[in-house]
Every structure is written in structure tokens, then in C-alpha cells.
Amino acid sequence: MRRMLPKRFRKEEVIVPVVRLSGVISSGGGPLRQSLNLAGVSQALEKAFNAKTAPAVAIIVNSPGGSPVQSRMIYNRIRDLAAEKNKKVLVFVEDVAASGGYMIALAGDEIIADATSIVGSIGVVSGGFGFPELLKKIGVERRVYTAGANKVILDPFQPEKEKDIEYLKSLQLEIHKVFIDMVLERRTGKLSADETVFSGLFWTGSRGLELGLIDGLGDMRQELRKRFGDKVKPTLITTPRSLFGRKAPGISLGGVDGLGAGIASGLAEAAEEKALWGRYGL
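Residues numbered from 1 in each chain as written. Predicted model: local features only at pLDDT ≥ 70, side-chain atom pairs only at ≥ 80, totals over all residues. Heavy atoms only, no water.

### With respect to the pattern of salt bridges
If charged atoms from side chains of opposite charge come close, those side chains can pair.
And then number 1: Going through the model one piece at a time under the given rule, you end up with 14 salt bridges.
And then number 2: Residue Arg-186 pairs with Asp-109 through a salt bridge whose shortest N-O separation is 3.9 Å. Here Arg-186 is found in helix α5 (residues 162–186), whereas its partner Asp-109 is found in the loop between α3 (100–105) and β4 (110–113), with 77 residues between them in sequence.
And then number 3: Measuring nitrogen to oxygen at the nearest pair gives 2.9 Å for the salt bridge that ties Asp-181 to Lys-177. Of this pair, Asp-181 and Lys-177 are both found in helix α5, four residues apart, which corresponds to roughly one turn of the helix. (Salt bridge = Lys/Arg side-chain N within 4 Å of Asp/Glu carboxyl O. Helix = DSSP H or I, 4+ residues; strand = E, 2+ residues; numbered from the N terminus.)

Take a look at the structure:
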């Protein structure tokens, strides 16, 4: 009906689609957590960039990081859509955009954060536990058979080997270089020469602005009003949900035993997620 009214009687709103990217970045979720990945956000991104009259797309990032692969996939999808639809991308950081979260934030033409947000952590980390002494204490013998000399590299049930650690570090350095190159490309002319930028450290939004990691400090609604006027209307774009408010479930063949294993795995994932957020005091 609004479109049928003469233009002088219409309330001229400026619609800005908003996509929220929140959570630990991982290819798959679990029973106790939702992961941030391309499969989960692609529909929302497509819908946001398809808004023909929108002057920009706003993306809220709130993530402590996770999978570098999923981070780059989300980044690439945003940049591809921005180029295809000729849309400006404004990224707004909430609590944290660190590690893979900051990699996603790089997709923005501008990155705006709160003064107390956490940004940065441009580095790569791998972690785990070793159990060889525990096996001895409880009288369990580890038996594993392989074809390929390195199929059990970094096996947590065997003592660490220096050559395995060196190999892992070589992979980390490769991934770190990709991350650094992305930052240099996207923040060219803005980035500080401070040598700690690529050290894995993280900073508040205020310090991140000084280092050139972000473009400004502010709140999304205030920033959009400043740019597009008081009639701007930020509109949240979400991924379609099922009748009961959940994403459509996948197929499971695990039965009751599978459910128990899934819950156990979910508890471990939840602990890992808490540790990731906890690293930034959240």
C-alpha cells in the first residue's frame, strides 16, 4: 500500500540490511553450541546484498576466532557480494573481533568498534593435550596401525617429537602469512608500522584505532544515522528457521549411544568455546 501513495506522502526510510556474525568460527556445531560458518550465514548475506535500494550493508562481528578456512570463506563471500552488487560494507565490532573474527571484519570497507571492544590477535594457534603417562598409570596399551610414516603425527597418546612440532609450526607460519597479507591488502595506507601488530597481541578499540586496525569508534545506530539521516532503518537479516525456531536438523544414525557421545562431545566443545571467549576476558 505504501508504494501506491504519492511520493510526497510517503515516509522516506533508508533501509540498511544488518547481518549479525556471532560465535566461535567452526565448520560444524554441536548440541550445546551454534557455530559461525559460511553454510550458516550465506543465505542471510545473499539476502542483505540483494536489497537494491540499500546504500550499504552493515555487518556486526562478535567472534573470538576459530577456523581460518571458514573465516576466509565468509570474508571472500562478503567481498564477492559487495563487488557484484556494488555495495559498501560497514563492519561494526561488538565485544570482540579477534583472530578469525578480525579476519572476517577485514571484509568491511570500514571497521567501526566500541572503545572497549577487543580487536586484533593476528596470529595462529594450535592446542591440545598429551596422555602418554596417563596410559601407563592406568595400564592401557595404545595400539595403532598405519600405512604412511606420518599418519600418527602429533598423536596425543604418544610422546611429542621435535620433528612433528617443527612441521606443525611450518603450517602455522604459512597460515599466518596468509592472514598478514590479507591485513596488509585491506588496511593499506591505514596500518601503523608498530612491529607488534602481527605478533598475536590484541587491543581495545581505542588502541586498535591508533594502530590502524579499525577506522573509527562508535555505535551502529548512531553511525548509520550520521551517514544516512534520522530516517535510516537498520533491518536485521536472519537465516531462515524451522517451525520450532531451530535450523533444520541433519540426519543422525547414532541412536541413544550416538546421542550420549554427541552430548559428551558437546561438553568438550562448550569448554573449548568458553576458553576462547575467556582469553579476551569475556
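### What to know about the nonpolar core
And then number 1: Counting residues in each nonpolar core, the largest one holds 41 residues, and the members touching the most others are Leu-21, Ile-59, Ile-78 and Tyr-102.
And then number 2: Elements with a contribution of two residues or more to this core: β1 (14–22), α1 (38–49), β2 (56–63), α2 (68–85), β3 (88–98), α3, β4 and α5.
And then number 3: When residues of this core are assigned to their parent elements, the largest contribution, six residues, is made by α1.
And then number 4: Core analysis: the second largest hydrophobic core is formed by eleven residues, Val-16, Ala-58, Leu-224 and Val-232 among them. (Core = buried A, V, L, I, M, F, W, Y, C linked by side-chain atoms within 4.5 Å. Buried < 20%, exposed > 50% of the residue type's maximum accessible area, 1.4 Å probe, protein only.)

### Looking at α1
And then number 1: Between its terminal C-alpha atoms α1 stretches 15 Å, which fits the 16 Å expected from twelve residues at 1.5 Å a residue.
And then number 2: Every buried residue of α1 is listed here: Leu-38, Gly-40, Val-41, Ser-42, Ala-44, Leu-45, Ala-48 and Phe-49.
And then number 3: The inward-facing, buried residues of α1 contact β1, β2, α2, β3 and β8 (232–237). (Expected span 1.5 Å × (residues − 1). Contact = heavy atoms within 4.5 Å.)

### Some points on helix α7 (residues 220–228)
And then number 1: Of all the residues in α7, the buried ones are Met-220, Glu-223 and Leu-224. For α7, the angular spread of the buried residues around the axis is 95°, confining them to a single face. The outward face of α7, more than 90 degrees from its buried face, is lined by the exposed residues Gln-222 and Lys-226.
And then number 2: Of the residues flanking the start of α7, the one acting as N-cap is Asp-219, its side-chain oxygen 3.0 Å from the backbone nitrogen of Arg-221.
And then number 3: One or two residues past the end of α7 sits Gly-229, with phi positive at roughly 95°. (Arc of directions from axis to C-beta. Polar contact = N/O pair within 3.5 Å; in protein donor to acceptor, adjacent residues only side chain to side chain.)

### Focus: the packing of α1 against α2
And then number 1: At a minimum axis separation of 11 Å, α1 and α2 run at an interaxial angle of 15°. By the angle between their axes, α1 is roughly parallel relative to α2. Considering how the two elements wind past one another, α1 and α2 form a crossing that is right-handed. Mapping the contact onto sequence places Leu-38, Val-41, Ser-42, Leu-45, Glu-46 and Phe-49 in α1 and Gln-70, Met-73, Ile-74, Arg-77, Ile-78, Leu-81, Ala-82 and Lys-85 in α2.
And then number 2: Among the residues making up the contact of α1 with α2, the classes are represented as nine nonpolar, two polar and three charged. (Axes fitted to C-alpha atoms, helices over the stretch in contact; angles between N-to-C directions. Parallel < 35°, antiparallel > 145°, perpendicular 65-115°, else oblique. Left-handed = near helix turned anticlockwise from the far one by under 90°. Nonpolar A, V, L, I, M, F, W, Y, C, P; charged D, E, K, R; others polar.)

### Quick word on the environment of Ser-199
And then number 1: Topologically, Ser-199 is positioned in the loop between α5 and β6 (202–204).
And then number 2: In the structure, Ser-199 is positioned 76 residues away from Gly-123 in sequence and 6.5 Å away in space, judged by C-alpha atoms.
And then number 3: Polar contacts involving the side chain of Ser-199 include one to the main-chain amide nitrogen of Leu-201, which spans 3.4 Å.

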